[in-house]
Amino acid sequence: MKTLIVITGLFLASGTVYAQEDLMDALDTDNDDRISLEEASSDAALSSVFAELDINKDGYLTASELEN
Ligand SMILES: [Ca+2]
Ligand SMILES: [Ca+2]
């Protein structure tokens with residue numbers, strides 16, 4: 001959990017690009033290669049920007065959306 005917080009902090013500090021694969025691995029608990037709002041809810045920082053990152057508004061963050 002501590003690691004996840006650090007990764008997310010760096011991710012947000014960098015603006016987006018940093019460690020998106022690590023974020024995906026950490027948060028994608030059902031391994032469908034996308035992060036649902038429910039999966040993101042375990043990370044307060046990501047939850048707060050979820051809607052902003054979900055470019056196509058389908059309720060999931062894909063790796064490409066995390067890169068943007
Ligand atoms: Ca998932
Ligand atoms: Ca999406």
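Residues numbered from 1 in each chain as written. Chains lettered and ligands numbered in written order. Predicted model: local features only at pLDDT ≥ 70, side-chain atom pairs only at ≥ 80, totals over all residues. Heavy atoms only, no water.

The name an unreviewed UniProt entry assigns to the protein is EF-hand domain-containing protein, from the organism Paraglaciecola polaris LMG 21857.

With that settled, consider the overall build of the protein. Summing up its helical and strand segments, the protein has five helices and two strands in all. Ordered by position from the N terminus, the helices and strands of the protein form the series α-α-β-α-α-β-α. In the protein, which comprises 68 residues, the share counted as buried stands at 35%. Relative to all contacts within the protein whose residues are 6 or more apart in sequence, the contacts with residues 24 or more apart total 40%. Summed over its atoms, the accessible surface of the protein is roughly 4100 Å², and 55% of this surface lies on carbon and sulfur atoms. (Helix = DSSP H or I, 4+ residues; strand = E, 2+ residues; numbered from the N terminus. Buried < 20%, exposed > 50% of the residue type's maximum accessible area, 1.4 Å probe, protein only. Contact = heavy atoms within 4.5 Å. Areas by Shrake-Rupley, 256 points an atom, 1.4 Å probe, with all protein chains shown as cover.)

Taken together, Asp54 (OD), Asn56 (OD1), Asp58 (OD), Tyr60 (O), Glu65 (OE) and Glu65 (OE) make up the protein donors of the calcium ion (ligand 2), found 2.2 to 2.4 Å from the metal. With six donor atoms in place around the calcium ion (ligand 2) and angles of 54 to 159 degrees between them, the coordination shape is irregular. Along the chain, the residues donating to the calcium ion (ligand 2) are arranged with the sequence spacing D-x1-N-x1-D-x1-Y-x4-E. Residue class for Asn56 comes out partly exposed when judged on its relative accessible area of 49%. (Donors = N, O, S within 2.8 Å, 3.2 Å for Na, K, Ca; no water. Tetrahedral: all angles 85-135°; square planar, octahedral: opposite > 155°, others 65-115°.)

Before going further, it helps to examine helix α2 (residues 20-27). Those residues of α2 that sit buried are Gln20, Leu23, Met24 and Leu27. Seen end-on, α2 carries its buried residues on one side only, within an arc spanning 100 degrees. Along α2, the residues that are exposed and aim more than 90 degrees away from the buried face are Glu21 and Asp25. (Arc of directions from axis to C-beta.)

We now examine the coordination of the calcium ion (ligand 1). Here the calcium ion (ligand 1) is held by Asp28 (OD), Asp30 (OD), Asp32 (OD), Arg34 (O), Glu39 (OE) and Glu39 (OE), and the distances to it run 2.2 to 2.5 Å. Considering all six donor atoms around the calcium ion (ligand 1), angles at the metal cover 53 to 155 degrees and the coordination shape is irregular. All donors of the calcium ion (ligand 1) come from a single chain, and their spacing in sequence reads D-x1-D-x1-D-x1-R-x4-E.

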